[in-house]
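Residues per chain, in single letters:
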Amino acid sequence: MSLGRGSASQAMVMLVVLLCLLLHLEHVHAATYTVGDSGGWTFNTDSWPKGKRFRAGDVLIFNYDSTTHNVVAVDRAGYSSCTAPAGAKVYNTGKDQIKLGKGQNYFICNFSGHCASGMKVAINAA
């Protein structure tokens, strides 16, 4: 009987190790992008994602002056109308790191007039 229990215990340990390795591999493939590159999160960043390929799990870094800007995660309607829906997640540290979810991800600055001046990005993460 003890032989059977030991084998099951070893199998469980191997399963846990395998799961940890798989989770680690997913993390290793995630990329980090600074929105706006060296210019940071500012006006006319709406074209910044062009030519880039994003994946779910990639991390966006938003660098900005937190006294004059913020980052708000919005839906398509909020992106198009430059309005943050009720309950939208607002980031305001000036050095925000946001992990992309699969599919469309939309971010705006909701300080008056900023989004309309191109301070928004729409990113599709595969």
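The structure under discussion appears in the preceding block.
Residues numbered from 1 in each chain as written. Predicted model: local features only at pLDDT ≥ 70, side-chain atom pairs only at ≥ 80, totals over all residues. Heavy atoms only, no water.

### Observations concerning the state of the cysteines
Then, number 1: For the structure on display, the rule yields 1 disulfide.
Then, number 2: Cys109 takes part in no disulfide bond, and the closest cysteine sulfur, belonging to Cys115, lies 8.2 Å away.
Then, number 3: Classification of Cys109 as buried rests on a relative accessible area of 0%. (Disulfide = S-S within 2.5 Å. Buried < 20%, exposed > 50% of the residue type's maximum accessible area, 1.4 Å probe, protein only.)

### Focus on the sheet that holds strand β2 (residues 59–63)
Then, number 1: A sheet is described by the order of its strands in space; here 3 strands give the open sequence β1-β2-β5, paired in mixed fashion. Here the strands that pair on one side only, and so sit at the sheet edges, are β1 (32–34) and β5 (95–99). Taken over all neighbouring pairs, the strand axes of this sheet differ in orientation by 20 degrees on average, direction set aside. (Pairing = 2+ DSSP bridges. Helix = DSSP H or I, 4+ residues; strand = E, 2+ residues; numbered from the N terminus. Axes fitted to C-alpha atoms, helices over the stretch in contact; angles between N-to-C directions.)

### Observations regarding the packing of aromatic side chains
Then, number 1: For the structure shown, the criterion picks out 6 aromatic pairs.
Then, number 2: Judged by centre distance (6.4 Å) and plane angle (80 degrees), the ring pair of Tyr33 and Trp48 falls under edge-to-face. Of the two residues, Tyr33 sits in strand β1 while Trp48 sits in the loop between β1 and β2, which places them 15 residues apart along the sequence. Per residue, the accessibility class of Tyr33 equals that of Trp48, and both read buried.
Then, number 3: Linked through ring pairs, Tyr33, Trp48 and Phe54 together constitute an aromatic cluster.
Then, number 4: The cationic tip of Lys89 hangs over the ring face of Tyr91; the distance from NZ or CZ to the ring centre is 5.1 Å. (Phe/Tyr/Trp six-rings, centres within 6.5 Å; stacked < 30°, edge-to-face > 60°. Lys NZ or Arg CZ within 6 Å of the ring centre and 35° of its normal.)

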